[in-house]
Amino acid sequence: MSDRIKFIHGKLEVPLNPVVPFIEGDGTGPDIWRASVRIFNAALEKAFAGTRKIEWMEVLAGEKAYKTTGSWLPDETLSAFREYMVGIKGPLTTPVGEGMRSLNVALRQELDLYACYRPVRYFTGVPSPVKKPEMVNMHIFRENTEDIYAGIEYMNGNPDTEKLISFLIDKMNVRKIRFPKTSSIGIKPVSVEGTERLVRQAIRFAIEKKLPSVTLVHKGNIMKFTEGAFMKWGYALAEREFADQVFTWQQYRRIAGEMGEKIADDLLSNAMKDGKVIIKDVIADAFLQQILLRPADYSVIATLNLNGDYISDALAAIVGGVGIAPGANINFDTGHAVFEATHGTAPKYAGLDKVNPGSLVLSGALMFEYLGWSEVAELIYTALGQTILKKKVTYDFHRLMDDATLLKTSEFADEIIRNM
């Protein structure tokens with residue numbers, strides 16, 4: 001008998017047969033969902049021999065929803081994700097430059113899924129443009145609800161835009177809008193609360209997993225009161241809430257200034273020996289260099305919305321591309337979570353049984369970890385890794401590998417299931 005997942009006293013309570021809503025997605029979404037759900041069900045059967053399983057419940061969003069209901073994101077879909085706590089989705093259409101705003105962003109905003117969690121790891125044998133992709137092992141925590149993704153934008157020529165620009169110039173004494181008559185305007189909110197809840201989870205994760213550091217990635221040298229404040233508020237939270245478990249660069253700088261660098265170096269060294277998590281920060285553009293030059297220096301990353309978008313995809317490219325990059329959107333305070341393929345819909349390949357389902361497959365593995373069913377996740381990770389190592393891959397990897405066997409989406413799923 002199926003049942004609902006519940007969140008009680010800060011913890012998920014998962015029945016043996018939970019209902020999990022899913023959105024198959026647009027474009028190639030149906031192809032990768034059909035392959036992925038077979039892998040999920042096979043791993044569940046292998047791990048639990050029928051004693052646990054998922055009751056999959058389809059809900060609609062995107063083109064299929066619009067054609068069926070006239071709405072791109074029906075209220076029933078949002079209600080299902082709220083009611084059943086945990087869900088999974090394929091890629092959804094988002095027109096560029098006009099029309100509806102991103103459905104992915106809308107889901108995150110409506111459900112307040114404030115943390116986008118993107119682990120980046122390398123599977124041996126995956127084609128990579130860098131020499132040592134195996135050095136990349138990072139966990140990205142991207143703030144999901146603020147920054148420019150809040151969608152507070154005003155198009156040039158609109159009367160409301162003219163009012164806003166006039167207010168900025170006349171009342172706020174702004175003199176840096178170079179072309180006020182033709183400018184569009186966007187607003188970038190970054191709050192104390194939004195920063196703290198994101199950074200708190202990144203630090204908790206590092207402590208729980210015994211990882212060495214959390215790096216606050218920002219552009220605070222330019223955006224001092226938004227991204228610079230993100231850094232300052234992040235450090236303040238770390239020192240206030242995790243005083244016995246972390247050592248921050250802010251502490252290092254204060255001690256070095258007051259007592260000298262030698263004492264600060266000794267304290268930092270002792271903190272590392274004691275297993276404390278080191279909280280540090282780096283400017284975003286420098287970080288994008290460092291992930292190529294010294295990726296092993298970074299472990300857990302906490303960053304703002306736009307930075308996180310760029311960084312996640314850049315790191316994914318190093319380990320094989322977004323076709324194999326998983327993603328999770330989570331509210332750790334309510335328990336709600338939506339796991340998703342992180343790539344686009346690739347409509348030209350729709351229905352061709354061609355594309356790599358790895359992103360959704362690995363997102364499903366993340367979902368099973370979140371449910372506490374790590375046995376299922378490990379089966380998926382191991383089987384996927386073995387399949388790639390045997391060079392039995394879809395076209396995206398096949399074209400970059402020597403002596404590989406080209407598989408369709410469904411055949412790739414078959415091979416993963418055989419390798420469990």
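Here's what I pulled together on the structure shown here. (Residues numbered from 1 in each chain as written. Predicted model: local features only at pLDDT ≥ 70, side-chain atom pairs only at ≥ 80, totals over all residues. Heavy atoms only, no water.)

Describing the overall build of the protein chain
Item 1. Along the backbone of the protein chain there are 15 helices and 17 strands.
Item 2. In terms of overall size, the protein chain behaves like a compact globule, its C-alpha atoms giving a radius of gyration of 23 Å where 420 residues would be expected to give roughly 22 Å.
Item 3. Projected onto its principal axes, the C-alpha positions of the protein chain cover 60 × 60 × 50 Å.
Item 4. Going through the 420 residues of the protein chain one by one, you find that 52% of them count as buried.
Item 5. Expressed as a percentage of contacts within the protein chain between residues at least 6 apart in sequence, the contacts between residues at least 24 apart total 72%.
Item 6. Accessible area for the protein chain stands at about 20,000 Å²; split by element, carbon and sulfur atoms hold 53% of it.
Item 7. Looking at the protein chain, you have 50 positive and 52 negative side-chain charges, and the mean spots of the two groups are 3 Å apart. (Helix = DSSP H or I, 4+ residues; strand = E, 2+ residues; numbered from the N terminus. Rg over C-alpha atoms; globule rule 2.2 N^0.38 Å. Buried < 20%, exposed > 50% of the residue type's maximum accessible area, 1.4 Å probe, protein only. Contact = heavy atoms within 4.5 Å. Areas by Shrake-Rupley, 256 points an atom, 1.4 Å probe, with all protein chains shown as cover. Lys, Arg positive; Asp, Glu negative; His and termini not counted. Charge placed at Lys NZ, Arg CZ, Asp CG, Glu CD.)

Observations regarding the pairing of strand E14 (residues 326–330)
Regular strands show a simple pattern: their side chains alternate between the two faces of the sheet.
Item 1. Extensive coverage of E14 is indicated by the burial of five of its five residues.
Item 2. Residues Pro-326, Ala-328 and Ile-330 of E14 are buried on one face, and the alternating residues Gly-327 and Asn-329, pointing to the opposite face, are buried as well.
Item 3. Here five bridges tie E14 to strand E15 (residues 337–341), and the two strands are oriented antiparallel to one another. If you follow Pro-326 over to E15, its bridge partner there is Ala-341.
Item 4. Adjacent in sequence and paired antiparallel, E14 and E15 are bridged by six residues, among which Gly-335 carries a positive phi angle near 90°. (Pairing = 2+ DSSP bridges.)

With respect to the sheet that holds strand E6 (residues 115–120)
Item 1. Spatially, E4-E3-E5-E15-E14-E6-E7-E13-E10-E12-E11 is the arrangement adopted by the 11 strands of the open sheet, whose pairing is mixed. What marks the edges here is a single partner per strand, and that holds for strand E4 (55–58) and strand E11 (246–248). Adjacent strand axes in the sheet meet at a mean angle of 25° when their direction is disregarded.
Item 2. Seen against the sheet, helix H3 (residues 75–84) touches strand E3 (19–23), E4, strand E5 (86–89) and E15 and runs at an angle of roughly 145° to E3.
Item 3. In the packing of helix H6 (residues 192–209) onto the sheet, the strands contacted are E6, strand E7 (138–143), strand E10 (213–218), E11, strand E12 (277–283) and strand E13 (300–303), and the crossing angle to E7 comes to about 165°. (Axes fitted to C-alpha atoms, helices over the stretch in contact; angles between N-to-C directions.)

Concerning a nonpolar patch on the surface
Item 1. On the surface, Ile-152, Tyr-154 and Ile-187 cluster together into a nonpolar patch covering about 210 Å² of accessible area.
Item 2. Considering the arrangement of structural elements, one finds Ile-152 in the loop between E7 and strand E8 (153–154).
Item 3. For Ile-152, a relative accessible area of 31% puts it in the partly exposed group. (Patch = residues over 30% accessible without salt bridge, like charges linked within 9 Å, V, L, I, M, F, W, Y side chains within 5 Å. Salt bridge = Lys/Arg side-chain N within 4 Å of Asp/Glu carboxyl O.)

A closer look at the layout of surface pockets
The method is simple in principle: a probe with the dimensions of a water molecule rolls over the atoms, and the space it marks as empty is what remains.
Item 1. Reported here for the second largest pocket is a volume of approximately 980 Å³.
Item 2. Along its surface, the second largest pocket is lined by 35 residues, and Tyr-117, Phe-205, Lys-209, Glu-369 and Tyr-370 are the ones closest to its centre.
Item 3. Breaking the lining of the second largest pocket down by element, the ones donating at least two residues are strand E2 (11–13), E6, E7, H6, E14 and helix H12 (358–371).
Item 4. With five residues, H6 is the single largest residue contributor to the lining of the second largest pocket.
Item 5. Grouping the amino acids of the lining of the second largest pocket by side-chain chemistry returns 22 nonpolar, six polar and seven charged. (1 Å grid on protein atoms, 1.4 Å probe; cavity = no way out; pocket = protein on both sides within 12 Å on 5 of 7 lines; lining within 4 Å. Points joined across faces, edges and corners; volume = space filled by probe spheres on them. Nonpolar A, V, L, I, M, F, W, Y, C, P; charged D, E, K, R; others polar.)

Re the pairing of E10
Item 1. Most of E10 is tucked away, with six of its six residues classed as buried.
Item 2. Residues of E10 alternate between two faces, with Ser-213, Thr-215 and Val-217 on one and Val-214, Leu-216 and His-218 on the opposite face, all of them buried.
Item 3. In the sheet, E10 pairs with E12 via six bridges, with the strands oriented parallel. Along E12, the bridge assignment pairs Leu-216 with Asp-281.

Digging into the pattern of salt bridges
Item 1. For the coordinates displayed, the defined rule picks out 24 salt bridges.
Item 2. For Lys-219, the salt bridge is made with Asp-285, and the minimal N-O distance between the two is 3.2 Å. One end of the pair, Lys-219, is in the loop between E10 and helix H7 (227–241); the other, Asp-285, is in helix H10 (residues 284–293), and 66 residues separate them in sequence.
Item 3. Between Lys-262 and Asp-266 there is a salt bridge, with the nearest N and O atoms lying 2.7 Å from each other. One end of the pair is Lys-262 and the other is Asp-266, both in helix H9 (residues 261–273) and four residues apart, which spans about a single turn.
Item 4. Among the residues examined, Asp-266 registers a relative accessible area of 35% and is labelled partly exposed.

Looking at H10
Item 1. For H10, the set of buried residues is Ala-284, Phe-287, Gln-290 and Ile-291. Seen along its axis, H10 keeps its buried residues to an arc of 105°; they face one direction. What points out from H10, more than 90 degrees from its buried face, is the exposed set Leu-292 and Leu-293.
Item 2. On its buried face, H10 sits against E7, E10, E12, E13 and helix H11 (305–318). (Arc of directions from axis to C-beta.)

Digging into helix H1 (residues 29–48)
Item 1. The end-to-end C-alpha distance of H1, which contains 20 residues, comes to 28 Å, matching closely the 28 Å that a straight helix rising 1.5 Å per residue would cover.
Item 2. Among the 20 residues in H1, 14 count as buried, and that is most of the element.
Item 3. Directly after H1, the chain includes Ala-49, whose backbone phi takes a positive value near 50°. (Expected span 1.5 Å × (residues − 1).)

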